[in-house]
Amino acid sequence: MELCHRPQYHFLPVANWMNDPNGLIQWEGVYHLFYQYNPTGAGFGSMHWGHASSRDLVHWRHLPIALAPTPEGPDKDGAWSGCAINNEGVPTIVYTGVRPQVQCLATSDDELIVWTKDPGNPVIAGPPAGLDATGFRDPCVWKEGGLWYMVLGSGARDVGGMILLYRSDDLHQWDHLGPLLEGRIDETGHNWECPNYLTLDGRRLLIFSPEPFRQAHYYVGDQRDLRFLPKIHGLLDHGGLYYAPQAFVDEAGRRICFGWLLEGRTPEAMAAAGWAGVQSLPRELSLGPDGGLLQRPVPEVETLRGTHHPVAGGVWTGKRKLDIVGNALEIDLGIAPQGAAEVGLELLATPDGEERTTILYDVERGVLVMDTRGASLADGFLGRLSEAPLALETGLLRLRVFIDRSVIEVFANDQICITGRVYPTRVDATNLVLVSNGGAVVLHSGDIWTMASIWSSRD
Ligand code: FRU
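Right, let's walk through the structure included here.

Parameters and conventions
Residues numbered from 1 in each chain as written. Predicted model: local features only at pLDDT ≥ 70, side-chain atom pairs only at ≥ 80, totals over all residues. Heavy atoms only, no water. Phe/Tyr/Trp six-rings, centres within 6.5 Å; stacked < 30°, edge-to-face > 60°. Helix = DSSP H or I, 4+ residues; strand = E, 2+ residues; numbered from the N terminus. Buried < 20%, exposed > 50% of the residue type's maximum accessible area, 1.4 Å probe, protein only. Lys NZ or Arg CZ within 6 Å of the ring centre and 35° of its normal. Pairing = 2+ DSSP bridges. Axes fitted to C-alpha atoms, helices over the stretch in contact; angles between N-to-C directions. 1 Å grid on protein atoms, 1.4 Å probe; cavity = no way out; pocket = protein on both sides within 12 Å on 5 of 7 lines; lining within 4 Å. Points joined across faces, edges and corners; volume = space filled by probe spheres on them. Nonpolar A, V, L, I, M, F, W, Y, C, P; charged D, E, K, R; others polar.

Considering the packing of aromatic side chains
And then number 1: For the structure on display, the rule yields 21 aromatic pairs.
And then number 2: Consider the rings of Phe44 and Trp80, whose centres lie 6.3 Å apart with planes at 80 degrees: the pair is edge-to-face. Linking Phe44 in the loop between strand 2 (30-38) and strand 3 (48-54) with Trp80 in strand 5 (residues 79-87), this pair joins segments that are 36 residues apart in sequence.
And then number 3: Classification of Trp80 by relative accessible area gives buried; the value is 15%.
And then number 4: Seen from their ring centres, Trp142 and Tyr149 are 5.7 Å apart, and the 20 degrees between their planes marks the pair as stacked. The residues Trp142 and Tyr149 share a single accessibility class, namely buried.
And then number 5: Ring pairing ties together the aromatic residues Phe11, Tyr35, Tyr37, Trp60, Phe258 and Trp455, which thus form one cluster.
And then number 6: The cationic tip of Arg265 hangs over the ring face of Trp275; the distance from NZ or CZ to the ring centre is 5.2 Å.

A closer look at the sheet that holds strand 5
And then number 1: Strand order in the open sheet formed by four strands is 5-6-7-8, and the pairing between neighbours is antiparallel. Only two strands of the sheet have a single neighbouring strand rather than two, namely strand 5 and strand 8 (115-117). The average undirected angle you get between the axes of adjacent strands in this sheet is 30 degrees.
And then number 2: Two elements, strand 5 and strand 6 (residues 90-97), share eight bridges in a ladder whose sense is antiparallel.

Quick word on empty space enclosed by the protein
And then number 1: For the coordinates displayed, the defined rule picks out two cavities of 30 Å³ or more.
And then number 2: Counted as a void, the largest cavity has a volume near 70 Å³.
And then number 3: Along the wall of the largest cavity there are 14 residues; nearest its centre are Tyr9, Phe11, Leu57, Leu281 and Pro282.
And then number 4: Classifying every residue of the lining of the largest cavity gives eleven nonpolar, three polar and no charged.
And then number 5: Here the second largest cavity defines a volume of roughly 40 Å³.
And then number 6: Around the second largest cavity, the lining residues are Gly239, Leu241, Met370, Thr372, Leu382, Arg384, Ser386, Thr419, Gly420 and Arg421.
And then number 7: The leading source of residues in the lining of the second largest cavity is strand 32 (residues 416-421), at three residues.
And then number 8: Looking at the lining of the second largest cavity residue by residue, the class counts come to three nonpolar, five polar and two charged.

Next up, the structure:
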């Protein structure tokens, strides 16, 4: 029996392996989340498109598999990542078939349940001539000036990752327009996966996931002619377990992003659990005053809040154990370091500290640190030390921490995110301790809520 590691308010399928979010779209009010799914086990293999829908981005209904590989078809070895678009009222999926990597179409009716593959597949049969490509996949398609555009993740062998740009007026016939952006292998790896390209507050936002790094990068910049000019660079998450995010624009015009949360445990442990892979909370994207990316959980997540436990404010030094215990919580703290060297909290901690995760802001270095190395006594547990630079411009640190059993998703000042995965073995690994090392700290505000499961009777 697995000890409460299965998240209860982050999306995951009933069983088996999930990776990238795919085809995110709001259709007639209903949100659709497709995802890379292996129905045969809790490891990567035989990629299908799993499917779920939601009215509020929080409570999901599992739906039948949307795409399965077709024997003898261009996706016979897998229906890999892609997007969903509205083509004049026809729901349309654009995705990568393997092997080799080619781009394919599928359409549906208004329910988005049954999908029919286009008889003309593949619509793009391979990389442009002359490119020794390291990859050729993960279409992101949008309409601009009456024409369809597509970016694909790719790379030039021994040179670096690259985004390829295409254009079409009918989704079937595509013209290659050249690279939108090229990277250097020593900086951003040899192959870029899962590009997202969208407008945001008058700028362009490019997101991609470079191999071999387990990171999701973004650039904010502008487009001149058919080239992207990056200005600001950052990571969407600093925990090393958030990958291949997909962003979409909902009917209210919000830019909302889900990312794949990898497991932090061995393939054997995943097989024993019977599931692997979780989606992040839906994060709303915007630009800050300096033009950098801000991320906040969508407000709908707050509907999951249950019992409210206010934390008394004030000044303290050292450790302050809180009365509340739990492993499905939202914690929202407004902290001002006043001489402390490190401030933050311990969570999922046993009373003796044998198992615990720490999230501490290192005041001198201006770095937020998540340490999961002591989170679990389990054999083969892969804990990590993750750091993210964060300047406290107003002197205040707002920490929002979402604990969901094996997921810890942290938002700091809306500017940086760190996500960790932990698998405590002890049933009493549920304590919370506020920490102020080497000096005093002021707690301006402190709120903790228990969080409800999203798998209610509605499903
Ligand atoms: C990213 C990725 C994509 C690919 C998919 C296959 O995690 O490797 O590039 O389409 O996963 O599942």
